[in-house]
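# Commentary on secondary and tertiary structure
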Amino acid sequence: MKSYKDIKKVEYLGPTSKDPFSFKFYNPDEVIAGKKMREHLKFALSWWHTMDYCGVDMFGGPTEDKNFGQTDPMKIYEAKADLAFDLMDKLSIDYYCFHDVDIAPQGKIYKETLANFNHMVDYLAKKQETHSQRLLWSTANNFGDKVFMNGAATSPNADVFALAAAKVKACIDADVRLGGTAYVFWGGREGYETLLNTNMKLEQDNLARFFKMARDYGRSVGFKGDYLLEPKPKEPTKHQYDFDSATCCNFLRTYGLLGDFKLNIEANHATLAGHTFQHELRVARDNGVFCSIDANQGDYLLGWDTDQFPTDVYNALYAMYEVIKAGGFKNGGLNFDAKTRRPSNTLEDILLAYIAGMDTFALGLRLAYKLIEDGRIDDFVNHRYDSYKSGIGKKIVDGTTDFKELAEYALNNEEIKVESGRQEYLETIVNEVMFGK
Ligand code: XLS
Ligand code: NI
Ligand code: NI
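Residues numbered from 1 in each chain as written. Chains lettered and ligands numbered in written order. Predicted model: local features only at pLDDT ≥ 70, side-chain atom pairs only at ≥ 80, totals over all residues. Heavy atoms only, no water.

### Re the coordination of the nickel ion (ligand 3)
Stated formally: Because water is not among the atoms used, a metal site may look incomplete, as its donors are only the N, O and S atoms within 2.8 Å, or 3.2 Å for Na, K and Ca. Buried residues are those whose accessible area, probed at 1.4 Å on protein chains only, stays under 20% of the maximum for their type, while exposed residues exceed 50% and partly exposed ones sit between those limits.
Donor atoms from the polypeptide that coordinate the nickel ion (ligand 3) comprise Glu 266 (OE), His 269 (NE2) and Asp 305 (OD), at 2.1 to 2.3 Å from the metal. A distance of 3.7 Å spans the gap from the nickel ion (ligand 3) to the nickel ion (ligand 2), which Glu 266 bridges by coordinating each metal. Here His 269 falls in the buried class, since its relative accessible area comes to 3%.

Written as structure tokens, this is what we have:
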């Protein structure tokens, strides 16, 4: 396979199909709970993994060629764009996400790079005229170039801070042009290797200054979407400032950025932080900052961001449960921040990988609704806190008691009956919902 042009569209053939190039669970226009599956899931293609990544790892060079038959640098990137839109058409994917460096060739100096970028933004705008896909979010790669080795907005060098700002500005402009509804700040190298050379307070203050200027610029040019932090605890730096959802919430609250800023939660980053994906989503939901997802999965035996396509249905179910409870995707969506394994080096593998990820989240969506309709889990959680609905518990919740009264109450309370958490039973319910008839 040389391109996606001549292949047939991937259709929904249902769970009994053995055709590898069909969806078994994702039926884009099927309505579930009043909304089409494609609107519930808002799938997005990640440009960097899909159109650029060539299988390179620390031990070896490319296993794939993604120049798509072209040699002129700009033609290579135009070919990538053509192919990306064909691929999205074939897979019924409605959105895409990119870093500035993913979509256009690097120039010798930044001026040239920016001109190349703007050329490709025009090219994408043209593609959008004949295709239904839209940009979901863009982001600046402020970590790859050597000038960012000490960070970007947290670099000790103000010239680097300025360059980072220029790159974010260009991406926000692209967002406005291409209809993007979010702008993502993944921390890149915003963190530290050793405190021996780091003024953490100044770096974090500068990061907040950077976010505020980005927000104000975006609003001044009509960007109405959400600004998103993408938590990650480590890699590339030893300690990333946006460690996890809770750390990001604290940062946003401290610097008065809540409202404009929300979160893009990545499954593999949650694992690296020692949390489940669901935990990170729950923290975001409870703090009113849930917006978008970078769907992938890690390997529990490996301590880095392996960015595998998600195939774990339990995690997809728990993730979609949180998404539904958070009111669904609005400005965000579900971007596959995932790449095929190094030996899966053909264009067919990319198709198969997306089909796997999309079917997994389609199952997650279907099963999450089943679990909610079943009602036993929600009901259990609800009743578990019954003691706060009347008597002393209600007083605690209403804020109408104090330690004096509580101590008095405890003294006169002769027998405290604490109920079972019933974890094993609840896990069985999930299995029944997943595998029962
Ligand atoms: C890296 C991040 C990155 C962001 C976008 O670990 O996941 O891919 O999603 O910069
Ligand atoms: Ni990501
Ligand atoms: Ni990642």
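Don't stop here, the text continues.
### A closer look at the nonpolar core
Looking at soluble globular proteins, one finds that nonpolar side chains tend to be buried together. The cut-off we apply is this: Here, nonpolar core refers to any group of buried Ala, Val, Leu, Ile, Met, Phe, Trp, Tyr and Cys residues whose side-chain atoms link them within 4.5 Å. Secondary structure follows DSSP: runs of H or I at least 4 residues long count as helices, runs of E at least 2 residues long count as strands, and numbering of each begins at the N terminus. We call two residues in contact when some of their heavy atoms are within 4.5 Å.
Of all hydrophobic cores here, the largest spans 109 residues; its most connected members are Trp 47, Leu 91, Tyr 96, Phe 98, Phe 185, Leu 334 and Phe 361. Take this core: its biggest share by element is 15 residues, from helix α12 (residues 347-374). When neighbours within four sequence positions are excluded, Phe 361 is seen to be in contact with Leu 41, Phe 43, Phe 277, Ala 295, Pro 310, Ala 316, Ala 319, Met 320 and Leu 334.

### Some thoughts on the coordination of the nickel ion (ligand 2)
Convention followed: Square planar and octahedral assignments, for four and six donors respectively, both demand that opposite donors be over 155 degrees apart and that all other angles lie between 65 and 115; tetrahedral needs four donors with all angles between 85 and 135 degrees, and anything else is irregular.
Coordination of the nickel ion (ligand 2) by the protein is provided by Glu 230 (OE), Glu 266 (OE), Asp 294 (OD) and Asp 337 (OD), with metal-donor distances spanning 2.0 to 2.1 Å. Classification of the site at the nickel ion (ligand 2) rests on its 6 donor atoms, whose angles at the metal span 81 to 173°, yielding the label octahedral. The sequence pattern describing where the donors of the nickel ion (ligand 2) fall on their chain is E-x35-E-x27-D-x42-D. Asp 294 sits in the buried class, given a relative accessible area of 0%.

### Things to note about the site of ligand 1
Cut-off, in case you're wondering: Any residue with a non-hydrogen atom lying within 4 Å of a molecule or strand is treated as near it. Here a polar contact means two N or O atoms within 3.5 Å. Within protein one must be a hydrogen donor candidate and the other an acceptor candidate, and residues neighboring in sequence count only if both atoms are side-chain atoms. Only the protein chains shown count as cover for residues, and the accessible areas themselves come from Shrake-Rupley with a 1.4 Å probe. Under the scheme applied here, ten amino acids are nonpolar (Ala, Val, Leu, Ile, Met, Phe, Trp, Tyr, Cys and Pro), four are charged (Asp, Glu, Lys and Arg), and all others, including Gly, are polar.
Every residue near ligand 1 is listed here: Trp 48, His 99, Trp 186, Glu 230, Lys 232, Glu 266, His 269, Asp 294, Asp 305 and Asp 337. Within the side chain of Glu 266, an N or O atom sits 2.6 Å from an oxygen atom of ligand 1. The contact in question runs from an oxygen atom of ligand 1 to an N or O atom on the side chain of His 269, over 3.0 Å. Its free accessible area being 290 Å², ligand 1 has 94% of it covered by the protein chains. Residues that form the shell around ligand 1 fall into these classes: 2 nonpolar, 2 polar and 6 charged.

### Considering the packing of helix α13 (residues 376-384) against helix α16 (residues 423-435)
Counted only if it meets this: Angular values range over 0 to 180 degrees, each being the angle between N-to-C directions of two axes fitted as lines to C-alpha atoms, with helices fitted over their stretch in contact. The labels follow the angle: roughly parallel below 35 degrees, roughly antiparallel above 145, roughly perpendicular from 65 to 115, and oblique for the rest. Take the far helix as the reference: if the near one is turned anticlockwise from it by less than a right angle, the crossing is left-handed, and if turned clockwise, right-handed.
Two elements in contact, α13 and α16, have axes whose closest approach is 10 Å; the angle formed by their N-to-C orientations is 160°. As the angle between them shows, α13 and α16 are arranged roughly antiparallel. Both α13 and α16 take part in a crossing whose hand is left-handed. Residues Arg 376, Ile 377 and Phe 380 of α13 form the contact with α16, whose participating residues are Tyr 425, Leu 426, Ile 429, Val 430 and Glu 432. Taken together, the residues that form the contact of α13 with α16 break down as 6 nonpolar, no polar and 2 charged.

### With respect to the pairing of strand β5 (residues 43-46)
Each regular strand displays side chains that alternate between the two surfaces of the sheet. The test is simple: DSSP-based pairing: two strands are paired if at least 2 bridges between them are found.
Covered by surrounding structure in β5 are Phe 43 and Leu 45 together with Ala 44 and Ser 46, the residues of both alternating faces. Pairing geometry for β5 and strand β6 (residues 95-99), over 3 bridges, is parallel. Within β6, the residue paired with Ser 46 across the bridge is Cys 97.

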